[in-house]
Amino acid sequence: MLVEVVDNYETLSDRAAEVVIQQIREKPDSTLGFATGGTPKGLYNRLIEAHEESGLDFSKLTTFNLDEYVGLPPEHEQSYARYMWSNLFNHVNVTESQVHIPHGMAEDVDSHCQWYERRIEEAGGIDLQILGVGANGHIAFNEPGSSLGSRTRIKTLASKTVKDNARYFEDQDMVPEYAITMGVGTIMEADEVLLLASGERKAEAMKKTLEGHITAMTPASMVQMHRFAHIVIDEEAASELDYQHHHGIVEPKDE
Ligand code: F6R
């Protein structure tokens, strides 16, 4: 694991953007895995800037998103499809044929999930997967208890996730209880994972993820098993760690 601890959310977004931009420049036909949520928004803004100001080319990429709510059509304002188009894809040179996001209205969810896995394989696997982490240690919608070998499938959302989401929905009947998510096993097959976490709210989850046991109760802890996990977190998210990370050297904090 390469753990980089940076000052704050802005420097985290700068650093994440450097990694993703380098990947796109070195391999313009990369397969990238994208996440939604608050954390990668700064990264996406910087990717848009790089496209506008220095012509960063998205036209040869293939993209896969981690997850989508079941029951929401792609145009719903809370869908992850809508998030990706409004926070990134609409502002860069990406067309629909390059983009893969699980379909929240798939009629046959199981075969849709199998198709999603096949598409990742046909694209040659994911070169770089961006990840956020939930305060409960989830990655994608692999909530605590998810099998560490899991593949893309439908998952019941933790009741806390459902409650947290309720405030975004005018119509409470539309609040999703299920999501389609890449599995932990699917995510771990990416050549590189770039996990981002910011703020005190993530401190406990990051302690468990980086220093705790590898356990299904903290699905993000599986990054410890990955062959190239790159973790970029800010000081607040790193505040509970017992170890400090400095240029790849890892030492207990009190030494
Ligand atoms: C998003 C996703 C989630 C988020 C996580 C953190 O596609 O899969 O696992 O990455 O819930 O969300 P934020 O960044 O909003 O704290």
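You'll find the structure just up there.
Read on for an overview of the structure. What you see is a predicted model, and the numbers here were worked out from it, not measured in a lab.

The rules behind these values
- Residues numbered from 1 in each chain as written.
- Predicted model: local features only at pLDDT ≥ 70, side-chain atom pairs only at ≥ 80, totals over all residues.
- Heavy atoms only, no water.
- Helix = DSSP H or I, 4+ residues; strand = E, 2+ residues; numbered from the N terminus.
- Buried < 20%, exposed > 50% of the residue type's maximum accessible area, 1.4 Å probe, protein only.
- Areas by Shrake-Rupley, 256 points an atom, 1.4 Å probe, with all protein chains shown as cover.
- Lys, Arg positive; Asp, Glu negative; His and termini not counted.
- Charge placed at Lys NZ, Arg CZ, Asp CG, Glu CD.
- Axes fitted to C-alpha atoms, helices over the stretch in contact; angles between N-to-C directions.
- Parallel < 35°, antiparallel > 145°, perpendicular 65-115°, else oblique.
- Contact = heavy atoms within 4.5 Å.
- Nonpolar A, V, L, I, M, F, W, Y, C, P; charged D, E, K, R; others polar.

Secondary structure assignment for the protein chain yields seven helices and twelve strands. Considering the protein chain as a whole, with its 255 residues, one finds that 52% of them fall into the buried category. For the protein chain, the computed accessible surface area is about 12100 Å², with 47% contributed by carbon and sulfur atoms. Once the 21 positive and 43 negative side-chain charges of the protein chain are each reduced to a mean point, those two points are 2 Å apart.

Look at A140: it is not a glycine, yet its phi comes out positive at around 50 degrees. Not every positive phi belongs to a glycine, and H247 is a case in point at roughly 50 degrees. In this fold, H247 is placed in the loop between strand 11 (243-246) and strand 12 (249-252). On the basis of relative accessible area, H247 is assigned to the exposed category, the value being 75%.

Each pair of packed helices can be described by the angle between their axes along with the distance between the axes. Contact geometry of helix 2 (residues 41-54) with helix 3 (residues 80-87) gives a least axis separation of 10 Å together with a crossing angle of 40 degrees. Taken together, the axes of helix 2 and helix 3 are oblique relative to one another. Between helix 2, through K41, Y44 and I48, and helix 3, the contact on the second element is made entirely by Y83, M84 and N87. Taken together, the residues of the contact of helix 2 with helix 3 break down into four nonpolar, one polar and one charged.

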